Amino acid sequence: MLKFITIVLIVSAGSLSGYFKALKLSERVKFWDDFIRFISYIKTSIKYNCDDLIHIIVCYKKTDKLSFLESINEDNLVNCDFLTLWDSCISKIPKSYGLTKDDYDLLGKFSLGLGVTDVEGQITHCQLYETFFLQQKQEAAVNQNKRSKLYRLLGVFSGICIALIIA
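On a predicted model such as this, the values are computed, not experimentally measured, just so you know.

Asks: Please clarify how the overall build of the protein chain should be interpreted in this entry.
Replies: Scanning the protein chain from N- to C-terminus turns up six helices and zero strands. Element order for the protein chain, N to C, with α for helix and β for strand: α-α-α-α-α-α. Here the C-alpha atoms of the protein chain give a radius of gyration of 21 Å, more than 25% beyond the 15 Å that 2.2 N^0.38 yields for 167 residues. Overall, the C-alpha framework of the protein chain stretches about 70 × 30 × 25 Å when taken along its three principal axes. Classification of the 167 residues of the protein chain by burial places 37% in the buried group. For the protein chain, the proportion of contacts with a sequence separation of at least 24, taken over those separated by at least 6, is 67%. Counting only carbon and sulfur atoms, one obtains 61% of the accessible surface of the protein chain, whose full area is about 9,800 Å². Positive and negative side-chain charges in the protein chain, numbering 20 and 18 respectively, have mean positions lying 13 Å apart.

Structure below.
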């Protein structure tokens, strides 16, 4: 009986590890959905309100949460510039989102064009990077479709193999 329980637990552990790996793929797609919504908000706020970037981010945090933006507030700009603040926020993005190095690089480059041109230039910059972010989201969705079933099945089968070896 104890051996049976051990086998069931090992198979369950393998299944869960595959499930969590697949969940990481869906978290990446969700992150890009949320971030593209954020870019749309920035575009709209710059176009119609001509708001300051920090003010836009602070207002956005009140309506929708991107966890890595939590450390940005209007008091922060006194101590450092926006680029430094943005880079520190990017470094705080949780690993659970499953972002790739290219994702982090693209997020870092996005901030370089914000707040340095006129309103039309910033809107164009946001539109350009919105297309880049949409490409990243599509790539993430393709990876999710291809790999999520694979990860779940690998988890189950690795648990079964280990259980068979032990049995």
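Asks: Explanation requested: the packing of aromatic side chains in the structure shown.
Replies: Aromatic ring pairs are defined here through the distance separating the ring centres and the angle between the ring planes. According to the stated counting rule, one finds 16 aromatic pairs in the structure shown. Ring geometry for Tyr 19 and Phe 20: centres 5.6 Å apart, planes at 65 degrees, overall edge-to-face. When the ring of Trp 32 is compared with that of Phe 133, the centres are 5.2 Å apart and the planes differ by 25 degrees; the resulting orientation is stacked. Placement of the pair is Trp 32 in helix 1 (residues 2-49) and Phe 133 in helix 6 (residues 119-166), with a sequence separation of 101 residues. Using a relative accessible area of 0% as the deciding quantity, one classes Phe 133 as buried. Each residue in the set Phe 31, Trp 32, Phe 35, Phe 38, Trp 86, Tyr 97, Phe 110, Tyr 129, Phe 132 and Phe 133 is aromatic and connected to the rest through ring pairs, giving one cluster. Geometry around Tyr 151 places Lys 21 over its ring, the cationic atom sitting 5.6 Å from the centre.

Asks: Help me understand the pattern of salt bridges, please; the structure alone is not making it clear to me.
Replies: One pass over the full model with this rule turns up seven salt bridges. Taking the shortest distance from any N to any O, the salt bridge between Arg 28 and Glu 139 comes out at 3.4 Å. Taken together, the residues Arg 28 in helix 1 and Glu 139 in helix 6 connect sequence positions 111 residues apart. Under the relative-accessibility criterion, Arg 28 is labelled buried at 4%. Between Asp 33 and Lys 137 there is a salt bridge; the shortest N-O distance is 2.8 Å. With Asp 33 in helix 1 and Lys 137 in helix 6, this residue pair connects regions lying 104 residues apart in the sequence.

Asks: Honestly, the packing of helix 5 (residues 101-110) against helix 6 in this entry has me stumped. Any pointers?
Replies: Packed helices, taken two at a time, are described by the angle between their axes plus the distance between the axes. Where helix 5 contacts helix 6, the two axes come as close as 11 Å, and the packing angle between them is 170 degrees. Compared by their axis directions, helix 5 and helix 6 come out roughly antiparallel. Residues Asp 102, Asp 103, Leu 106, Leu 107, Lys 109 and Phe 110 of helix 5 touch helix 6, and the partners they reach there are His 125, Cys 126, Tyr 129, Phe 132, Phe 133 and Gln 136. Of the residues assigned to the contact of helix 5 with helix 6, the class counts are seven nonpolar, two polar and three charged.

Conventions we followed
Residues numbered from 1 in each chain as written. Predicted model: local features only at pLDDT ≥ 70, side-chain atom pairs only at ≥ 80, totals over all residues. Heavy atoms only, no water. Helix = DSSP H or I, 4+ residues; strand = E, 2+ residues; numbered from the N terminus. Rg over C-alpha atoms; globule rule 2.2 N^0.38 Å. Buried < 20%, exposed > 50% of the residue type's maximum accessible area, 1.4 Å probe, protein only. Contact = heavy atoms within 4.5 Å. Areas by Shrake-Rupley, 256 points an atom, 1.4 Å probe, with all protein chains shown as cover. Lys, Arg positive; Asp, Glu negative; His and termini not counted. Charge placed at Lys NZ, Arg CZ, Asp CG, Glu CD. Phe/Tyr/Trp six-rings, centres within 6.5 Å; stacked < 30°, edge-to-face > 60°. Lys NZ or Arg CZ within 6 Å of the ring centre and 35° of its normal. Salt bridge = Lys/Arg side-chain N within 4 Å of Asp/Glu carboxyl O. Axes fitted to C-alpha atoms, helices over the stretch in contact; angles between N-to-C directions. Parallel < 35°, antiparallel > 145°, perpendicular 65-115°, else oblique. Nonpolar A, V, L, I, M, F, W, Y, C, P; charged D, E, K, R; others polar.

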